[in-house]
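Observations on chain architecture
The chain contents come next:
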Amino acid sequence: MIRAAPLMALLLLAGCQRPYALDERWRPLVAVVERPDLLVSDTVSTTLGTRVYVANLDGWLRRFPPDSVEQEALLLHEREHSVRQLEAGLGAWLARYLNDRAFMWREEQLGWFLQLRRLRDAGRPIVPAVVALALSDYRNLSGPMVGYEEALAWVEAVLSGAWTPEDAHG
């Protein structure tokens, strides 16, 4: 938890420029706000508690326009993180996410499942290899979250209906 505290404090204190307020249906999420560029990729959305942090709000809104399937899919993913963080306690959840690769992978599976299924159900093209590559780039303090081959097999299982969230609780 000590390692997670500086990151959490920086994100909580640095965001807050011109928030994009979210509709009630996304509760417990309340807003998307800008965060410092120095932490992770400028295309990554990071949820802490009730806010989604992005490097550039205008860019985020161009990639995920209001009322689009893309925004809805991403917010389903991020809301899942928010709910689970608040249930577990944000500090405890974050400390585990930053240090336990298996926990991080389960948490991302739950969010990505919702995101991928929403995109698929809306007829959006999904390239499993591209998603798997993105997932294999996720890292925490203990190393890579998942390998490319495992991520690819998982994405294909989600899209075919062979994987459900219950499978993550093994």
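Refer to the structure printed above.
Notes on the structure in this doc start here. (Residues numbered from 1 in each chain as written. Predicted model: local features only at pLDDT ≥ 70, side-chain atom pairs only at ≥ 80, totals over all residues. Heavy atoms only, no water.)

Considerations on the packing of aromatic side chains
Counted according to the given criterion, the structure contains seven aromatic pairs. Centroid distance Trp105 to Trp154: 5.3 Å. Interplanar angle 65°. Geometry classified as edge-to-face. Taken together, the residues span a long stretch of sequence, with Trp105 in helix α5 (residues 101–121) and Trp154 in helix α7 (residues 148–160) at a distance of 49 residues. Pair check on accessibility: Trp105 and Trp154 agree, each one buried. When the ring of Trp154 is compared with that of Trp163, the centres are 5.3 Å apart and the planes differ by 75°; the resulting orientation is edge-to-face. In this structure, Trp154 and Trp163 share a single accessibility class: buried. What links up through ring pairs into an aromatic cluster is the set Trp105, Phe113, Trp154 and Trp163. (Phe/Tyr/Trp six-rings, centres within 6.5 Å; stacked < 30°, edge-to-face > 60°. Helix = DSSP H or I, 4+ residues; strand = E, 2+ residues; numbered from the N terminus. Buried < 20%, exposed > 50% of the residue type's maximum accessible area, 1.4 Å probe, protein only.)

As for the pattern of salt bridges
Under the criterion given, the structure shown has seven salt bridges. Between Arg124 and Glu70 there is a salt bridge; the shortest N-O distance is 2.5 Å. With Arg124 in the loop between α5 and α6 (128–136) and Glu70 in helix α3 (residues 69–88), this residue pair connects regions lying 54 residues apart in the sequence. Residue class for Arg124 comes out partly exposed when judged on its relative accessible area of 32%. Measuring nitrogen to oxygen at the nearest pair gives 3.2 Å for the salt bridge that ties Arg118 to Glu72. Remark: Glu72 occurs in helix α3 and Arg118 occurs in helix α5; sequence separation between them is 46 residues. Owing to a relative accessible area of 24%, Arg118 belongs among the partly exposed residues under this scheme. Shared partners join several salt bridges into a network, and the residues in it are Arg25, Glu72 and Arg118. (Salt bridge = Lys/Arg side-chain N within 4 Å of Asp/Glu carboxyl O.)

Quick word on the nonpolar core
Leu116, Val131, Leu135, Trp154 and Trp163 are the most contacted members of the largest nonpolar core, which has 32 residues in total. Of all the secondary structure elements, the ones that give two or more residues to this core are β2 (31–34), α3, α4 (90–99), α5, α6 and α7. Ranked by residue count, the leading element in this core is α5, at eight residues. Beyond its immediate stretch of four places on either side in the chain, Leu116 contacts Ile126, Val131, Trp154, Val155, Val158 and Leu159. If you look at the next biggest cluster of nonpolar residues, it comprises 13 residues, including Leu29, Val54, Leu57 and Leu76. (Core = buried A, V, L, I, M, F, W, Y, C linked by side-chain atoms within 4.5 Å. Contact = heavy atoms within 4.5 Å.)

Overview of the pairing of β2
Two faces belong to every sheet, and in a regular strand the side chains alternate between them. Here β2 shows no split at all, with Ala31 and Val33 on one side and Val32 and Glu34 on the other all buried. Pairing analysis gives two bridges linking strand β1 (residues 20–21) to β2, with the strands arranged antiparallel. Looking at the pairing, Ala21 lines up with Ala31 of β2. Direction of pairing for β2 relative to strand β4 (residues 51–54): parallel, over a ladder of four bridges. Note on β4: the bridge partner recorded for Glu34 is Val54. (Pairing = 2+ DSSP bridges.)

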